[in-house]
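# Close look at the chain arrangement
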Amino acid sequence: MRLIADTLSAHRGEDLIFSNISFNLRKSEALLLTGRNGSGKSTLLRVVAGLIRPAGGRVEWVGSEAETAVRAAEVCHYLGHRNAMKPELTVAENLGFWRDFLGDMSGGTGAPIEEAAEAVELGSILHLPFGYLSAGQQRRMAFAKLLVAHRPVWILDEPTAALDTSAEALFARLIRNHMANGGIVLAATHQPLDFDATYRLEMTGFDYRDMGVGI
Amino acid sequence: MTALLLRDLKLSVRAGGGALIGVLFFMTVVAVMPFGVGPDLNLLARIGPAIVWIGALLSALLGLDRMFQTEREDGSLDLLLMQEHPLVVTVLVKCIAHWLANVLPLVIASPLLGLFMNMSEVAIGAVMLTLLVGSPALTLIGSVGAAVAVTLPRGGLLVSILVLPLCIPVLIFGVSASYAAVEDPAPFLPPFLILAAITMFFAVLGPVGAALALRNAGD
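A brief structural summary. What you see is a predicted model, and the numbers here were worked out from it, not measured in a lab.

A word on the sheet that holds strand β8 (residues 199–203) of chain A. Strand pairs in the sheet, formed through backbone hydrogen bonds, run parallel or antiparallel to each other. All names here are of chain A. Read across the open sheet, the five strands follow the order β5-β6-β7-β3-β8; overall the sheet is parallel. The open sheet terminates on both sides in strands that have one partner only, identified here as β5 (76–79) and β8. Pairwise comparison of adjacent strand axes, ignoring direction, gives a mean angle of 15° for this sheet. By the bridge criterion, five bridges tie strand β3 (residues 30–35) to β8 in an arrangement that is parallel. Residue Gly-35 lies in a different strand from β8, and its bridge partner there is Met-203. Against the sheet, helix α1 (residues 41–48) touches β3, β6 (153–157), β7 (184–188) and β8, its axis set at about 150° to β7.

Here we take up the interface of chain B and chain A. Contact with chain B, which involves 18 residues of that partner, is made by 21 residues of chain A. Here the residues of the side of chain B that touches chain A sort into seven nonpolar, five polar and six charged.

Within the largest apolar cluster, 129 residues are counted, with the highest numbers of intra-cluster contacts made by A:Ala144 and A:Ile155. Per element, the largest residue contribution to this core is 14 residues, and it comes from helix α7 (residues 121–148) of chain B. The residues touching A:Ala144, leaving out its near neighbours within four places in the chain, are A:Leu95, A:Ala116, A:Ala117, A:Ala119 and A:Val120.

Time to look at helix α4 (residues 66–73) of chain B. Residues lying three or four places apart along an α-helix face the same way, a consequence of the helix completing one turn every 3.6 residues. Residue and element names in this part refer to chain B. Of the positions making up α4, those classed as buried are Arg-66, Met-67, Phe-68, Gln-69 and Glu-71. Among the structural elements, α5 (76–82), α6 (87–116), α7 and α9 (189–216) are those in contact with the buried residues of α4. The first or second residue beyond α4 is Gly-75, which carries a positive phi of 90°.

Residues and elements named next belong to chain A. We note that Asn-20 has phi near 60°; this positive angle belongs to a residue other than glycine. Inspection of the secondary structure assignment puts Asn-20 in strand β2 (residues 15–26). With phi around 60°, Ala-84 is a residue other than glycine that occupies positive phi space. Mapped onto the elements, Ala-84 comes out in the loop between β5 and α2 (91–102).

Residues and elements named next belong to chain A. The residue Glu-14 is located in the loop between β1 (2–12) and β2 in this model. What makes Glu-14 exposed here is the crowd of 5 C-beta atoms within 10 Å. With 95 residues separating them along the chain, Glu-14 and Thr-109 place their C-alpha atoms 42 Å apart.

About the cut-offs
Residues numbered from 1 in each chain as written. Chains lettered and ligands numbered in written order. Predicted model: local features only at pLDDT ≥ 70, side-chain atom pairs only at ≥ 80, totals over all residues. Pairing = 2+ DSSP bridges. Helix = DSSP H or I, 4+ residues; strand = E, 2+ residues; numbered from the N terminus. Axes fitted to C-alpha atoms, helices over the stretch in contact; angles between N-to-C directions. Contact = placed C-beta atoms within 7 Å. Nonpolar A, V, L, I, M, F, W, Y, C, P; charged D, E, K, R; others polar. Core = buried A, V, L, I, M, F, W, Y, C linked by C-beta atoms within 7 Å. Buried ≥ 20, exposed ≤ 12 C-beta atoms within 10 Å, placed from the backbone.

Right, dumping it as structure tokens:
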């Protein structure tokens, strides 16, 4: 089970955002992206998630068993800046929809929605419309979405935006759990998140500096 | 996929879904027509099928631009694009949901509006039947426009302008089939079958085009 990025580069319009980024993440490993605003963290995550076509290089997923070639995007959960939840629907309807629509990848099962909501400590507000929730609660529920369907790779773009410290600790714990179960995590953050990143990559705009070990 | 269909149907009837706005607009457009044309009942009966069709066409375009834009605004579109379900099928399901929620009510309301236009029973039935068969094509063509304009913040009018010329064949065959049902020498079946063919053609081409546009909208 490996997520491989091979000499990735990406353009935004005419400008090259980053080039020649390679990594190779195995089971239970994490890559933490840091860097100033506009250095290309989100772009790199979106390239890995298959939402932006890379200008060069490729992203590849090698499954554990001899399964037919799957796109890397299909094994990923992507938590972007936006929560991907409908404000008109209740939290339970939102989570239920994603649970049914995403389905489970082989090698794991998602938690029932009650359990996922308990995991982010918001089990009691499943009946409320998503739009009634505070920004922090919405973010937590968006995170619960990662738990309702099993994906080996989590791509997290600023997961802790709008969160208090206790919720940050909660997210870090869930990320550690995911890694302990053999999951792979790619995260971009400003706030230090309390989990043990195997690799760190500091994005510095065009000329990037690789701080990782053994990449 | 059933989950997506159910969610979209639910969204369209919840606050801000705007499924009934189309019906209200349809009624308004058709209801003002007699005031403009005058109280000539024979004239109204003659132009009735065309007016009802044009009203339905414009109302069907009304909510179209939101089909993918709401998904994009809250980030759901990213997740829809990432899944292993073929994007073409996802788009087709969204089209079906959009048609059921926004366009089917227009078809159901069309007999009432036919009465406004002093149309005969046969003409009303023919218009309803042609709308039922032809209106899915409007949604399917529209999905391509909606996908192309998905990244534009005020894409609504642009979608209509992009889509209207492509809808003209649907309008022509829909209206000519409706007229053929009431005017004797013209046969009803040929234009009606062409209308059905157009719908089936766009059921294949529309989602493919829309999926292609969504894949390349990447930002």
